[in-house]
Amino acid sequence: MTLSEVVKVDGNAGDFNVTVKESPRYVDMDKCIACGACTDKCPKKVDSEYDAATGKRKAIYVKYAQAVPLKYQIDPNACIRLKKPGACGLCEKACDAGAINFNDTEKMHEINVGAVILAPGFEAYDPTDAGVWGYGTNKNVITAMQLERYLSASGPTEGHLVRPSDGKPVRKLAFLQCIGSRDENLCGNGYCSSVCCMYAIKEAVIAKDHVPGLKASIFYMDMRTHGKDFDMYLERAKNESGVRFVRCRVNGVETDGEGGDCRLSYVNEDGRQLEEFYDMVVLSVGLQTPKHVLELAKTADIKLTADNFAATSDFAPVQTSREGIFTCGAISGPKDIPQSVVEGSAAAAAVADLLSPSRHNLTTEPTFPAEKDISNEDPRIGVFVCHCGSNIAGVVDVKAVEEYAQTLPNVVYVERNLFSCSQDTQDMITKRIQEQNLNRIVIAACTPRTHEPLFRETLKAAGLNEYLVEMANIRNHNSWVHIQDPKNATAKAKDLVRMAAAKVTFGDSLTPISVPITQTALVIGGGVAGMTSALNLAEQGFDVHLVEQTDTLGGNALNLKHTWAGEHVPTEVAKLVDKVLWNEKIILHKEARVTAVEGFVGNFHSTISTKDGKSKVIDHGAGIIATGGEVFIPQEYNYDNITRVVTSVQFDKLFELKERHVRIAKKFVFIQCVGSREGDNMYCSKVCCTHSVQSAIALKQERPDRNVYILYRDMRTYGQREALYRQARKLGVIFINYELHGKPKVTEDGDIITVEVWDHVLHRPLKIECDLVILATAIRPMPDAADLGKLYKVPVDGHGFFQEAHAKLRPVDFSTDGMFVAGLAHYPKPIEESVAQALAAAARAATLLAKTSISLDAIKATVDENYCDGCALCVDVCPYGAITLVDRAEGKGQIIRVNKAQCKGCGLCQGTCPKRGVFVAGFTMKQISAQIQAALAV
Amino acid sequence: MLDTKKVGSVMIVGGGVTGMQAALDLADSGYYVYLVEKSGAIGGAMAQLDKTFPTNDCSM
Amino acid sequence: MNFEPKIVAFCCNWCSYAAADLAGTARMQYPHNVRIIRVMCSGMVHPEFIMDALSQGADGVMVLG
């Protein structure tokens, strides 16, 4: 439901009544075929929201070229006709499909649902009112989102970086960080927006790629690149791309001269006032909750934090204060894409937990007539030529194509349609298939990438195998790209129809492969992540095996006292352990590890061995790896030699026990990044900055006369954690920045420990005498992660953490289907992110386990027994490990076998085989050869 | 399990990357999903980004 | 003198075929001489296909993936 807003939420968890207001689109979604004729004719231009006001759009428009649904809409605030009845109306005349409806009205819907997920996102901070940045007055001061559009090939300048003021190419570009973030004076947003450091680096690198010789500088306070692989990206930006990083807060931007040069003034680290000039200044604007979302929060009656984000618990990061209402994405705090995707799945898991008794109640499976056997019939091809309004017919002589198609071999029926994809044409095609006894279909229309599924359904509805259709792409690949050349476009359309007909002649009925699913999950690792996944799946009604290597549940969380928001970890972990132990659906295997694995998605067989030497095989449909990480034991800073140099985990224990050394100590020094962000461990452990700041606050609160120092590289109290950093500074904790080349030195002389560090401001070494040194040590991957990975054919990254399928879009999936990852096993992270990821992994696993079988596309490698001689060349090239070599029956040599559940139909085997021993169904050698021959026949 | 009414459908408010992910996962695990989007098309802010995040990858 | 070459292009469904679709959406104009054959991966293109195409009169073959 687009153009829709929630206006009322009544009822309780499991049974809400939600009122949704749907604004008029003025375009009939069923009729609009997104040809764009209306937009061509529309005379009214306004700023494009999508292009962040860097470009224009019309009053009738589609948000962007790849929009879903790809349907046009009329902006009632811009449309001439809607403002003045009787005027304009050009779009209505231009629309062949008759989709324009100026009389469309607002509609109210009342919808009964079991749960609500709020995912309304964020808005970028608007720097206009702040004044000092020159935004709104100097055209060359733009926001990061605007730069994003300028850099885009589909943007207003097609990716060319020129100054908006005079069109001059940009040679010097400055990024100003923390605009609308970490700033209570100018905007009231005290929190860190978490994503701006990373996007600024990305944009700087891309801008430098676009413009050779471009100088890009990033002015920042702390470089917060705490996510997976982000620090490596930062290092590459510095060392390979040559992006310049300047640690300072820029005071303001002023316009210099007629051309609109930007003058920056700032105080550098040495305390000197400097000025620099730039062609363009990019403001790295922060994320904030938009007004309409604040209203939505009020409508939904959920609590917000002081920073105006939805309030959630660290142990239930997607649950709002109102039962049955969940959140995901930036509404509950600024976050990046992977974390937003994780939360999307996590919210799904939380909903599934709540509503599991009603699973499948409201969903239906479509039914189709029995399929006709055509194997003994001669081909009878039906060709349907689409006009696509004027999109095809306006260029291609469709009548000539129709007449030509009738002359092709095996073609027995040809027809033209105004819109082949419309519902009435679908019904008509179904009728024709039955009437004319057609057994192969060619649709000459648009691209199979979007429309093949639709026509497959049509064939199914007609009782014909869905794979007996072939599309000739005479729109995207023809009429749209040869607009000025109707003669050749018509000839090409004929060729494309001939090629499709030739291919489909050799098409066979194919059956999608159905793989049964064992509706049981295996979770490896009994820490917070593993327990959360196991519990959620069990609450959803699935049987779960939970494998823990030690004799205790809880994992690394057993070492922790408080989350960043102050929740008591031991209490919450104890609750979680209790729930796991009492859940009848969870079978716990303690002191056990996975030692062997067979099978594939839906059908894994994992052998687990216990300490006492026993082993058993568990059948499961999906698996979650949540094996955690371990604490790094340092060797530097005299950790081995000085007893009062401790790690943060050790310090927590000593502090809790009120150990004498800690109790009497007056001076404390925390050293950050011990084992993180250097050498081979170029990653941020993500939790240590917040941890040290929290410890420092606790020390200060207990006795304000204590001296507490934190030696840091970049203070990474991201998101709403920034409040802790602010509090620590207010309490008098002293923060000293050090760089990798001037690392602190720790020595002991009698009772006194001395920490020596290079002071950037004073330009000389600084000696701090102290009683206790606390090392903020890194989180390391488990040393046996790679071994476990090999068993399930899932990879680990260069640092030894498990590698997800896609960093942005599939953050908990593995490239091996049916396997998922959560928690520290994936990357260092705080508890609420582990919990969210664990829920997400459970949700992803549940999408498999909810079904008794999965249906896989029939486009799969198939062995031709007559030709395969078992040379096994294909075994090595198969990227999915789907091909194995087996003995033929009765010892007649060897032959390959394809596991269709693992095969993705890429056909590398087909391309490699010298003997035609293996082919991909639907793309056989015969079919493609026929297509080649047809392509060159005339 | 308490014997209260549980409706097997979910409303998701917001059609950005996070809302879409939630919608897909819930639909795939057997729930009816209403995806409510304020603007004319789903995709959210991610669809505006240039590189790194393929815009036509919204998997609907 | 008006030589019109015939070019056969094997395009991977997931990238170059999709790119050709997008070229259409963007109305990017290009010469009509190319005939696209969709494959599920450019790795599927057997060397024989290329030989076939050339021997049957193609003036060029592109494998895009």
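Calculation rules
- Residue numbers run consecutively from 1 along every chain, following the written order of its sequence.
- Both sets of labels track the order of writing: A upward for chains, 1 upward for ligands.
- Note on the predicted model: pLDDT of at least 70 is required for a residue's local features to be given, and 80 or more for side-chain atom pairs to be given and counted; whole-chain, interface and lining totals, by contrast, use all residues.
- Hydrogens are left out, water is left out, and the side-chain values use all remaining heavy atoms of the structure.
- Counting from the N terminus, the helices are DSSP H or I runs at least four residues long and the strands are E runs at least two residues long.
- Between the two quantities, the radius of gyration covers C-alpha atoms and the globule rule is 2.2 Å times the number of residues to the power 0.38.
- It only takes one pair of heavy atoms within 4.5 Å for two residues to be counted as in contact.
- The charge count includes Lys and Arg as positive and Asp and Glu as negative, but it does not include His or the ends of the chains.
- In this description, the location of a charge corresponds to atom NZ of lysine, CZ of arginine, CG of aspartate or CD of glutamate.
- When a residue's accessible area, from a 1.4 Å probe over protein chains only, is under 20% of the maximum for its type it is buried; when over 50% it is exposed; and in between it is partly exposed.
- Whether a set of points on the 1 Å grid over the protein atoms alone is a cavity depends on a 1.4 Å probe fitting there but being unable to get out, while an open set qualifies as a pocket with protein on both sides within 12 Å along at least five of seven lines; lining residues are those with an atom within 4 Å of a point.
- Grid points are joined across faces, edges and corners, and a volume is the space filled by probe spheres set on the points.
- Residue classes follow a fixed rule: Ala, Val, Leu, Ile, Met, Phe, Trp, Tyr, Cys and Pro count as nonpolar, while Asp, Glu, Lys and Arg count as charged, and any other residue, Gly among them, counts as polar.
- pLDDT measures the predictor's confidence residue by residue and takes values from 0 up to 100.
- Only one rule defines a salt bridge in this text: a Lys or Arg side-chain nitrogen within 4 Å of an Asp or Glu carboxyl oxygen.
- For this analysis, a polar contact is any N or O atom pair within 3.5 Å, provided that within protein one partner can donate a hydrogen and the other can accept it, and provided that sequence-adjacent residues contribute only side-chain to side-chain pairs.
- A strand pair is defined by DSSP finding two or more bridges across the two strands.
- For helices, the fitted axis covers only the stretch in contact; all axes are lines through C-alpha atoms, and the angles between them, taken along N-to-C directions, range from 0 to 180 degrees.
- Domain delimitation follows an automatic or database domain assignment.
- Buried Ala, Val, Leu, Ile, Met, Phe, Trp, Tyr and Cys residues that are joined via side-chain atoms within 4.5 Å together make up what is termed a nonpolar core.

1. What to know about the overall build of chain A
And step 1. Within chain A one finds 24 helices and 47 strands.
And step 2. Since a compact globule built from 938 residues should have a radius of gyration of about 30 Å, the 32 Å found for chain A is in line with a globular shape.
And step 3. Seen through its principal axes, chain A has C-alpha atoms that stretch 100 × 80 × 60 Å.
And step 4. Within chain A, residue pairs in contact and separated by at least 24 positions form 68% of the contacts whose partners lie at least 6 positions apart.
And step 5. The positive charge centre, built from 106 side chains, and the negative charge centre, built from 114, are 3 Å apart in chain A.

2. What about the environment of leucine 362 of chain A?
And step 1. Its location among the elements puts leucine 362 of chain A in the loop between α8 (337-355) and β20 (381-386).
And step 2. Residues leucine 362 of chain A and glycine 257 of chain A lie 105 residues apart in sequence; the distance between their C-alpha atoms is 66 Å.
And step 3. Residues contacting leucine 362 of chain A, with those up to four places away along its chain left out, are Val7, Gly8, Ser9 and Tyr32 of chain B.

3. Brief notes about the environment of lysine 431 of chain A
Residues and elements named next belong to chain A.
And step 1. Mapped onto the secondary structure, lysine 431 falls in helix α10 (residues 423-435).
And step 2. With a relative accessible area of 48%, lysine 431 lands in the partly exposed category.
And step 3. On a C-alpha basis, the gap between lysine 431 and proline 448 in space is 22 Å, while along the polypeptide they are 17 residues apart.

4. Here's the deal with empty space enclosed by the protein
And step 1. Tallying each qualifying case throughout the model produces eight cavities of 30 Å³ or more.
And step 2. What lines the largest cavity is a set of 16 residues, and nearest its centre among them are Met471, Asn473 and Gln931 of chain A together with Tyr17 and Ile36 of chain C.
And step 3. Those elements giving two or more residues to the lining of the largest cavity turn out to be β23 (469-473) and α13 (486-505) of chain A together with β2 (34-39) of chain C.
And step 4. A breakdown of the residues in the lining of the largest cavity according to their chemical character gives nine nonpolar, three polar and four charged.
And step 5. Taken as a whole, the second largest cavity holds about 110 Å³ of empty space.
And step 6. Cys32, Ile33, Cys35, Cys38 and Cys95 of chain A are the residues nearest the centre of the second largest cavity, which is lined by 15 residues in total.

5. What about the confidence of the model for chain C?
Where the model shows low pLDDT, its predicted coordinates should not be examined in detail.
And step 1. Across chain C, the average pLDDT comes to 92, with 98% of residues at 70 or higher.
And step 2. Prediction confidence for the complex, expressed as pTM and ipTM, is 0.83 and 0.97 respectively.

6. Topic: the interface of chain B and chain A
And step 1. Of the residues lining the interface, 48 residues belong to chain B; the matching set on chain A comes to 71 residues.
And step 2. Our count for the contact surface shared by chain B and chain A stands at one salt bridge.
And step 3. Summed over the shared surface of chain B and chain A, the number is 27 residue pairs in polar contact (both at pLDDT 80 or more).
And step 4. Residue assignment for the side of chain B that touches chain A shows that the elements contributing at least two residues are β1 (9-13), α1 (17-28) and β2 (32-36) of chain B.
And step 5. Broken down by element, the residue count for the side of chain B that touches chain A peaks at eight residues, all from α1 of chain B.
And step 6. Its residues placed into classes, the side of chain B that touches chain A shows 23 nonpolar, 16 polar and nine charged.
And step 7. Pairing analysis gives four bridges linking strand β8 (residues 115-118) of chain A to β1 of chain B, with the strands arranged parallel. What sits directly across from isoleucine 117 of chain A, in β1 of chain B, is isoleucine 12 of chain B.

7. Things to note about the side chain of glutamate 470 of chain A
And step 1. Along the polypeptide, glutamate 470 of chain A turns up in strand β23.
And step 2. Apart from residues no more than four positions distant in its own chain, glutamate 470 of chain A is found in contact with Ile441, Val442, Ile443, Ala500, Lys503 and Val504 of chain A.

8. Some words on the sheet that holds strand β35 (residues 707-712) of chain A
Residue and element names in this part refer to chain A.
And step 1. Within the open sheet, the five strands sit side by side as β33-β40-β34-β35-β36. Their pairing is parallel. The outermost strands of the open sheet, each flanked by one partner alone, are β33 (645-647) and β36 (734-737). Strand after strand, the sheet turns through a mean of 25 degrees between neighbouring axes, direction not considered.
And step 2. Strand contacts of helix α16 (residues 648-656): β33, β34 (667-674) and β40 (772-777), with the helix running at about 100 degrees to β33, the strand carrying the most contacts.

9. Let's talk about the domain arrangement of chain A
And step 1. Annotation of chain A at the domain level lists domain 1 (24-105), domain 2 (123-288), domain 3 (381-510), domain 4 (520-630 + 781-854), domain 5 (633-777) and domain 6 (860-920).
And step 2. The distance between the C-alpha centroids of domain 1 of chain A and domain 6 of chain A comes to 53 Å.

10. What about the nonpolar core?
A general tendency of soluble globular proteins is for nonpolar side chains to be buried together.
And step 1. By size, the foremost hydrophobic cluster in this structure holds 74 residues, and its most contacted members are Ile117 and Leu537 of chain A together with Val10 and Ile12 of chain B.
And step 2. With 13 residues, helix α21 (residues 831-849) of chain A is the single largest residue contributor to this core.
And step 3. Among residues more than four places away in sequence, those in contact with isoleucine 117 of chain A are Phe326, Cys328, Ala347, Ala348 and Val351 of chain A together with Val10, Met11, Ile12, Val13, Ala22 and Leu26 of chain B.
And step 4. Of all hydrophobic cores here, the second largest spans 72 residues; its members include Val414, Val469, Leu496 and Ala502 of chain A.

11. Structural notes on the sheet that holds strand β22 (residues 440-445) of chain A
Residue and element names in this part refer to chain A.
And step 1. Taken in spatial order, the four strands line up as β21-β20-β22-β23 in an open sheet, and their pairing is parallel. Taken across any chain shown, the strands that pair with only one partner, and hence form the sheet edges, are β21 (411-417) and β23. Across the sheet, the axes of successive neighbouring strands diverge by a mean angle of 15 degrees, strand direction being ignored.
And step 2. Relative to β23, β22 runs parallel, the two sharing five bridges. Note that in β23 the partner of alanine 444 across the bridge is alanine 472.
And step 3. Set on the sheet, helix α11 (residues 448-461) makes contact with β22 and β23; between it and β23 the angle comes to about 145 degrees.

12. Quick notes on the pattern of salt bridges
And step 1. Tallying each qualifying case throughout the model produces 63 salt bridges over all chains.
And step 2. With its nearest N and O atoms 2.3 Å apart, the salt bridge here joins glutamate 48 of chain C to arginine 916 of chain A. Here glutamate 48 of chain C is found in helix α2 (residues 47-55), whereas its partner arginine 916 of chain A is found in the loop between α23 (908-912) and β47 (918-920) on a different chain.
And step 3. Salt bridges sharing common partners tie together Arg182, Asp222, Arg224, Asp231, Arg247, Glu269, Arg677, Asp714, Arg716, Glu722 and Glu739 of chain A.

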